[in-house]
Amino acid sequence: GDSVTQMEGPVTLSEEAFLTINCTYTATGYPSLFWYVQYPGEGLQLLLKATKADDKGSNKGFEATYRKETTSFHLEKGSVQVSDSAVYFCALSHSGGYQKVTFGTGTKLQVIP
Amino acid sequence: SQTIHQWPATLVQPVGSPLSLECTVEGTSNPNLYWYRQAAGRGLQLLFYSVGIGQISSEVPQNLSASRPQDRQFILSSKKLLLSDSGFYLCAWSQSGGRGQPQHFGDGTRLSIL
């Protein structure tokens, strides 16, 4: 079955540091890939997505590239802010009437001033 | 634009009491609907999903049930709550069909069982 593996957290960075959160997946076919963000006490919000190999999703300074050859979708940001502190989830889904989403376990990011 | 509403935001219930959590979606029709549970510091567990009125699929056997009485309404219920039912419950929706349709989440209900 499908699976998503994320790096263990928490990840602690100083403000303006470079961020990478690793995500690899196992799936048949060509799934769509997503990053969601969850701020404390809230639901998940879609951060970015990519639907085919070599696509780059980007939003709010975050980027991730769909790498079919390495089955990866690493999240990056060049300069993090305190307001980026949250839990980040990598996820995949397949096309179809019911798009079951497989989530990773989440990576907590703490950005300190 | 589409919105999703989930209530209540927090709930404290005694063991053995019933439960009803409600979720409604606005601005779309025939959405796929989902209920997830998130234990403290953990990932998401899919509990139920629905592709249409009256159509409910359960992912895991448990003490909970779900219903979809209207196209954009999804209800999570229990007749008798257990301590293990504590957690953060999230409702979500997605467009049916197509490729790369993301799920959109409500703000969640924090359920504490005493």
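For the structure itself, consult the block above.
Cut-offs applied
- Residues numbered from 1 in each chain as written.
- Chains lettered and ligands numbered in written order.
- Predicted model: local features only at pLDDT ≥ 70, side-chain atom pairs only at ≥ 80, totals over all residues.
- Heavy atoms only, no water.
- Disulfide = S-S within 2.5 Å.
- Helix = DSSP H or I, 4+ residues; strand = E, 2+ residues; numbered from the N terminus.
- Buried < 20%, exposed > 50% of the residue type's maximum accessible area, 1.4 Å probe, protein only.

*Asks:* Looking at this structure, how should I read the state of the cysteines?
*Replies:* The bond known as a disulfide is covalent and runs between the sulfur atoms of two cysteines. All names here are of chain A. Summed over all chains, the structure comprises two disulfides over all chains. Disulfide pairing places C23 opposite C90 at an S-S distance of 1.9 Å. Across the S-S bond of C23 and C90 the torsion is about -70°, and the bridge reads as left-handed. Residue C23 is found in strand β4 (residues 23–26), and its partner C90 is found in strand β10 (residues 86–93); the two are separated by 67 residues along the sequence. Overall, the relative accessible area of 1% leaves C23 in the buried class. Given a relative accessible area of 1%, C90 falls into the buried group.

*Asks:* How should I be thinking about unusual backbone geometry in this particular structure?
*Replies:* Residues other than glycine predominantly adopt negative phi, and peptide bonds predominantly adopt the trans conformation. Here the bond from G9 of chain A into P10 of chain A is cis, since omega is 0°, no more than 30 degrees from zero. Within the secondary structure, P10 of chain A is located in the loop between β1 (3–6) and β2 (11–14). Of note, the amide linkage connecting W7 of chain B to P8 of chain B takes the cis form, showing an omega dihedral of 0°. By secondary structure assignment, the location of P8 of chain B is in the loop between β1 (3–7) and β2 (10–13). Phi is positive for D54 of chain A, close to 75°, though the residue is something other than glycine. Position of D54 of chain A relative to the elements: it lies in the loop between β6 (44–50) and β7 (56–59). Classification of D54 of chain A as exposed rests on a relative accessible area of 53%. Its identity is not glycine, yet K60 of chain A carries a phi of approximately 55°, on the positive side. Tracing the backbone shows K60 of chain A in the loop between β7 and β8 (62–65).

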